[in-house]
Amino acid sequence: EPLLNIKGIIYIINTALFTFTTLTLALLISNLIYNKNAITALVNIIALSQAFLCGAFIPAKYMPDKVLQVAQILPARWYIKSNDILKNVENITLNNTNQIITNMIVMILFAIIFIILTNIVSKYKEKI
């Protein structure tokens, strides 16, 4: 299946947004912690917990509802939800893209929150 069709383009946009969100989170972490070993440990914990809780390792349909409810506070859940929708649809319609667009907006909101928090941390560090 070619990647440069509407479904492939949505996959690319979804991945780009998740990458941006992840980069903003990484920037926040690097502003909070100076020790490289601590940063590495925290990043591993965050990445693996997102992968386990959000459905990257175990499909969401096999996970308990409580786990998926907790996963709502993690950006990876919204990325994986969109990928799952795209994987399971034959034709892209306005109806099945509404949820994908909502998921993308949530990822953008996460990125904005991470940027705001990074700015707050940076301003606080300047005062010290």
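Here the structure is shown first, and the text comes after it.
The residue numbering used here restarts from 1 in each chain and proceeds along that chain's sequence as written. The predicted origin of the model limits local features to residues at a pLDDT of at least 70 and limits the giving and counting of side-chain atom pairs to 80 or more, whereas totals for whole chains, interfaces and linings rest on all residues. Each side-chain value is derived from all of the structure's non-hydrogen atoms; neither hydrogens nor water enter the calculation.

What to know about helix 5 (residues 94–127)
And then number 1: Only DSSP runs of H or I reaching four residues or more are called helices, and only runs of E reaching two or more are called strands; each is numbered from the N terminus. What a helix should span is 1.5 Å times the count of its residues minus one. Between its first and last C-alpha atoms helix 5 spans 49 Å; for 34 residues at 1.5 Å apiece the expected length is 50 Å, and the two agree.
And then number 2: Among all positions in helix 5, only Asn96, Thr97, Ile100, Asn103, Met104, Val106, Met107, Phe110, Ala111, Phe114, Thr118 and Val121 are buried.
And then number 3: Next to the buried residues of helix 5 lie helix 1 (6–32) and helix 4 (75–88). Note on exposure labels: buried denotes an accessible area under 20% of the residue type's maximum, exposed denotes more than 50%, and partly exposed covers the range between, all computed with a 1.4 Å probe on protein chains only. Residue contacts are counted whenever heavy atoms from the two residues lie within 4.5 Å of one another.

A look at the packing of aromatic side chains
And then number 1: Any two rings among Phe, Tyr and Trp, with Trp reduced to its six-membered ring, count as a pair given centres within 6.5 Å; such a pair is stacked if its planes are under 30 degrees apart, edge-to-face if over 60, and tilted if neither. With the rule as written, the count across this model stands at 3 aromatic pairs.
And then number 2: Note on phenylalanine 18 and tyrosine 79: the rings are 4.5 Å apart at their centroids and 10° apart in plane angle, and the pair reads as stacked. In this pair, phenylalanine 18 is assigned in helix 1 and tyrosine 79 in helix 4, connecting sequence segments 61 residues apart.
And then number 3: Owing to a relative accessible area of 18%, phenylalanine 18 belongs among the buried residues under this scheme.
And then number 4: Judged by centre distance (4.8 Å) and plane angle (70°), the rings of phenylalanine 52 and phenylalanine 57 are edge-to-face.
And then number 5: Overall, the relative accessible area of 49% leaves phenylalanine 57 in the partly exposed class.

A word on the side chain of asparagine 103
And then number 1: For asparagine 103, the location among the structural elements is in helix 5.
And then number 2: Taking relative accessible area as the criterion, asparagine 103 reaches 0% and is therefore assigned buried.
And then number 3: Side-chain atoms alone can form a polar contact between residues adjacent in sequence; in general such a contact is a pair of N or O atoms within 3.5 Å, and within protein one must be able to donate a hydrogen while the other accepts it. In terms of polar contacts, asparagine 103 uses its side chain to reach the side chain of serine 82, at 3.1 Å.
And then number 4: Setting aside residues up to four positions removed in sequence, asparagine 103 forms contacts with Trp78, Lys81, Ser82 and Ile85.

Notes on the packing of helix 1 against helix 5
Between two packed helices, the angle of one axis relative to the other and the distance separating the axes together describe the packing.
And then number 1: For helices, the fitted line uses only the C-alpha atoms of the stretch in contact; every axis is such a line through C-alpha atoms, and the angle between N-to-C directions lies from 0 to 180 degrees. Close contact between helix 1 and helix 5 brings their axes to 9 Å; oriented N to C, the two are set at 20°. Classified by the angle their axes make, helix 1 and helix 5 are roughly parallel. The hand of the helix 1/helix 5 crossing is left-handed. Roughly parallel refers to an angle under 35 degrees, roughly antiparallel to one over 145, roughly perpendicular to one between 65 and 115, and oblique to any angle outside these ranges. In a left-handed crossing the near helix is turned counterclockwise from the far helix by less than a right angle, and in a right-handed crossing that turn is clockwise.

Observations regarding the layout of surface pockets
And then number 1: There is about 230 Å³ of room inside the largest pocket.
And then number 2: A pocket, in this scheme, is an open set of points on a 1 Å grid over the protein atoms alone with protein on both sides within 12 Å along at least 5 of 7 lines, while a cavity is a set where a 1.4 Å probe fits but cannot get out; residues line either one if an atom lies within 4 Å of a point. Taken together, 14 residues form the lining of the largest pocket, with Phe18, Thr22, Ile46, Ala47 and Gln50 sitting closest to its centre.
And then number 3: Secondary structure elements with two or more residues in the lining of the largest pocket: helix 1, helix 2 (36–54) and helix 4.
And then number 4: Among the residues forming the lining of the largest pocket, the class breakdown is 12 nonpolar, 2 polar and no charged. Grid points are joined across faces, edges and corners, and a volume is the space filled by probe spheres set on the points. Nonpolar residues are Ala, Val, Leu, Ile, Met, Phe, Trp, Tyr, Cys and Pro. Charged residues are Asp, Glu, Lys and Arg, and all others, Gly as well, are polar.

Examining helix 2
And then number 1: In this model helix 2 runs 26 Å from its N-terminal to its C-terminal C-alpha over 19 residues, within 8% of the 27 Å that 1.5 Å per residue would give.
And then number 2: Three or more residues of helix 2 are buried, namely Gln50, Ala51 and Cys54. Seen from one end, helix 2 has its buried residues packed into an arc of 100°, which puts them on one side. Of the residues in helix 2, the exposed ones pointing more than 90 degrees away from the buried face are Asn37 and Ile45.
And then number 3: Where helix 2 is buried, its residues contact helix 1, helix 3 (65–71) and helix 4.
And then number 4: Where helix 2 begins, the side chain of asparagine 35 points an oxygen toward the backbone nitrogen of asparagine 37, at a separation of 2.8 Å.
And then number 5: Taken from the residues just after helix 2, glycine 55 is the one with a positive phi, measuring 105°. As used here, the arc belongs to the directions running from the helix axis to the C-beta atoms.

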